[in-house]
Amino acid sequence: MYQLCPSILSADFNRLGEQIKILEEEGIEWLHIDVMDGDFVPSISFGMPVIKSIRKESKLFFDVHLMVTEPERYIRDFVDCGADSITVHAEACEDLERTIEQIREAGVKVGVSIKPATPVNDISHMLEDVDMVLVMTVQPGFGGQKYLEECTEKIQELRDLIRDEDLNVDIQVDGGINDETMETVLKAGANLVVAGSYVFKDNLVSGVRHAKKRMNEVIREID
Ligand code: DX5
Ligand code: ZN
């Protein structure tokens, strides 16, 4: 399963509901929701009240990416406000195994994320316990950064591990996606592609159509 996951961090928050509606009309199924706490990452984005509000109007799959220190404190809150999947950073958890269990027990999908400098090896022992691994391809914290080429081999390494162990784990990438890097990440093995500025930068309708078209072109080449 391939999905383009638009990140609302790049949305126009004055028109958030309207923009999410456009994404739905354009056939998007996953919405990437970046929560930042000003501690794990330098910036602060938004939290539960925003997610709760958009949940009332949207049927999209809410893919919540927590860039938050000790996210175990908030799992219940994010599930209650409408998350369908929660991704935590391996670097941010006191006890990563326990946090993953906690997310599972709360009844939503589980993702674990690694920053560009964190090796795949740090999480390879827990692949059986997660639904998705999110490989950050920029330093988490801001949209609109340049893709870090050194992350490509981590995607490949992860894909090989998942294949060798015959696991059912999605590989998501996040950061710096454009026409060129869309090809890089899909060919390296990612199947869930987060895109912020690529989709939202000019006109949203043409941005999302363009990104979907590019993604489909590359997928056709792979298959
Ligand atoms: C960065 C966030 C990303 C961000 C991606 O910390 O996790 O989801 O929105 O933005 P682009 O696609 O513009 O790099
Ligand atoms: Zn993200």
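As annotated in an unreviewed UniProt entry, the chain carries the name Ribulose-phosphate 3-epimerase and comes from Blautia wexlerae. Taken from UniProt, the Function (unreviewed entry) comment for the chain reads in full: "Catalyzes the reversible epimerization of D-ribulose 5-phosphate to D-xylulose 5-phosphate." Its UniProt record gives the chain the following Catalytic activity (unreviewed entry) comment, quoted word for word: "D-ribulose 5-phosphate = D-xylulose 5-phosphate".

On to the site of ligand 1. The immediate surroundings of ligand 1 are formed by 20 residues, with Asp34, Gly141, Gly144, Asp174 and Ser197 found nearest. Side-chain polar atom of Asp34 to an oxygen atom of ligand 1: 2.6 Å apart, as the coordinates give it. One of the backbone nitrogen or oxygen atoms of Gly196 is found 2.8 Å away from an oxygen atom of ligand 1. Bound to the protein, ligand 1 loses 100% of the 390 Å² it would expose on its own.

Further remarks concern the packing of aromatic side chains. Here the structure, examined in full by the defined rule, presents 2 aromatic pairs. Ring geometry for Phe13 versus Phe46: centroids 5.7 Å apart, planes at 55°, classification tilted. Taken as a pair, Phe13 in the loop between strand S1 (3-6) and helix H1 (16-25) and Phe46 in the loop between strand S2 (30-36) and helix H2 (48-57) lie far apart in primary sequence, 33 residues in all. We classify Phe46 as buried; its relative accessible area is 12%.

Okay, the coordination of the zinc ion (ligand 2) next. Protein coordination at the zinc ion (ligand 2) comes from His32 (NE2), Asp34 (OD), His65 (ND1) and Asp174 (OD), with a distance range of 2.0 to 2.3 Å. Coordination geometry of the zinc ion (ligand 2): the 6 donor atoms subtend angles of 68 to 169° at the metal centre, consistent with an arrangement described as octahedral. Sequence positions of the donors to the zinc ion (ligand 2) reduce to the motif H-x1-D-x30-H-x108-D. Pair noted here: Asp34 is in strand S2 and His65 is in strand S3 (residues 61-67), with a separation of 31 residues, a long-range link. Judged by relative accessible area, Asp34 falls into the buried class, the value being 3%.

Looking now at the environment of Lys115. In this structure, Lys115 sits in the loop between strand S5 (109-114) and strand S6 (132-136). Judged by its relative accessible area of 24%, Lys115 is partly exposed. Among all residues touching Lys115, those that are not within four sequence positions of it are Phe40, His89, Glu91, Met136, Pro140 and Lys154.

The UniProt record annotates "binding site: a divalent metal cation" (unreviewed entry) at His32, Asp34, His65 and Asp174. What stands out for the annotated residues spanning 143 residues is how close their C-alpha atoms remain, the widest pair being 10.5 Å apart. Relative to the elements of secondary structure, His32 occurs in strand S2. Apart from residues no more than four positions distant in its own chain, His32 is found in contact with Cys5, Pro6, Ser7, Ile8, Asp63, His65, Leu134, Gln172, Asp174 and Val194. Here Asp34 is in contact with Ser7, Leu9, Ser45, Phe46, His65, Met67 and Asp174, once residues within four sequence places are set aside.

Interaxial distance between H1 and helix H8 (residues 204-222) falls to 10 Å at its minimum, and their mutual angle equals 35°. When you trace H1 past H8, the crossing you get is right-handed. In this structure, H1 uses Gln19, Ile22 and Leu23 to contact H8, whose residues at the interface are Leu204, Val205 and Val208. For the contact of H1 with H8, the residue count by class is 5 nonpolar, 1 polar and no charged.

The next point concerns a negative patch on the surface. A cluster of acidic residues, Glu94, Asp95, Glu97, Glu128, Asp129, Asp164 and Glu165, forms a negative patch on the protein surface. By secondary structure assignment, the location of Asp164 is in helix H5 (residues 152-164). Asp164 sits in the exposed class, given a relative accessible area of 66%.

Rules of the game
- Each chain carries its own residue numbering, running from 1 in the direction its sequence is written.
- Working convention: letters from A go to chains and numbers from 1 go to ligands, in the order in which they are written.
- Only residues with pLDDT of at least 70 are given local features in this predicted model, and only at 80 or more are side-chain atom pairs given and counted; all residues enter the totals for whole chains, interfaces and linings.
- Calculation of side-chain values draws on the structure's entire complement of heavy atoms; hydrogens and water are dropped beforehand.
- UniProt positions are given in the numbering used here, feature names are shortened, and annotations may be inferred rather than shown by experiment.
- Here a residue is considered near a molecule or strand provided that any single heavy atom belonging to it is located within 4 Å of it.
- A 3.5 Å cut-off defines polar contacts: any pair of N or O atoms within that distance qualifies, except that in protein one atom must be a possible hydrogen donor and the other a possible acceptor, and neighbouring residues in sequence count only when both atoms are side-chain atoms.
- Surface exposure here means Shrake-Rupley accessible area, sampled with a 1.4 Å probe, where a residue is shielded only by the protein chains that are shown.
- Centre distance within 6.5 Å is the pairing criterion for rings of Phe, Tyr and Trp, where only the six-membered ring of Trp is used; planes under 30 degrees apart are then read as stacked, over 60 as edge-to-face, and the remainder as tilted.
- Numbering of helices and strands starts at the N terminus; helices are DSSP runs of H or I of at least 4 residues and strands are runs of E of at least 2.
- For every residue, the accessible area (1.4 Å probe, protein chains only) is compared with the maximum for its type, and the residue is labelled buried under 20%, exposed over 50%, or partly exposed between those bounds.
- Because no water is among the atoms considered, metal sites can look incomplete, with donors defined as N, O and S atoms within 2.8 Å of the metal, or 3.2 Å for Na, K and Ca.
- In short, tetrahedral needs four donors with all angles between 85 and 135 degrees, square planar needs four and octahedral six donors with opposite donors over 155 degrees apart and all other angles between 65 and 115, and whatever is left is irregular.
- What makes two residues a contact is simply this: any of their non-hydrogen atoms within 4.5 Å.
- All axes here are fitted lines through C-alpha atoms, helices being fitted over the stretch that makes contact, and every angle between N-to-C directions spans 0 to 180 degrees.
- By definition, turning the near helix anticlockwise from the far helix through less than a right angle yields a left-handed crossing, and turning it clockwise yields a right-handed one.
- Gly is placed with the polar residues, together with every amino acid not listed as nonpolar (Ala, Val, Leu, Ile, Met, Phe, Trp, Tyr, Cys and Pro) or charged (Asp, Glu, Lys and Arg).
- Surface patches are defined over residues having more than 30% relative accessible area and no salt bridge, joining like charges when they lie within 9 Å and nonpolar side chains (Val, Leu, Ile, Met, Phe, Trp, Tyr) when within 5 Å.
- Throughout this description, the term salt bridge denotes a Lys or Arg side-chain nitrogen within 4 Å of a carboxyl oxygen of Asp or Glu.
- Residues counted as positive are Lys and Arg, residues counted as negative are Asp and Glu, and His and the chain ends are not counted.
- Note on charges: their place is set at NZ of Lys, CZ of Arg, CG of Asp or CD of Glu.

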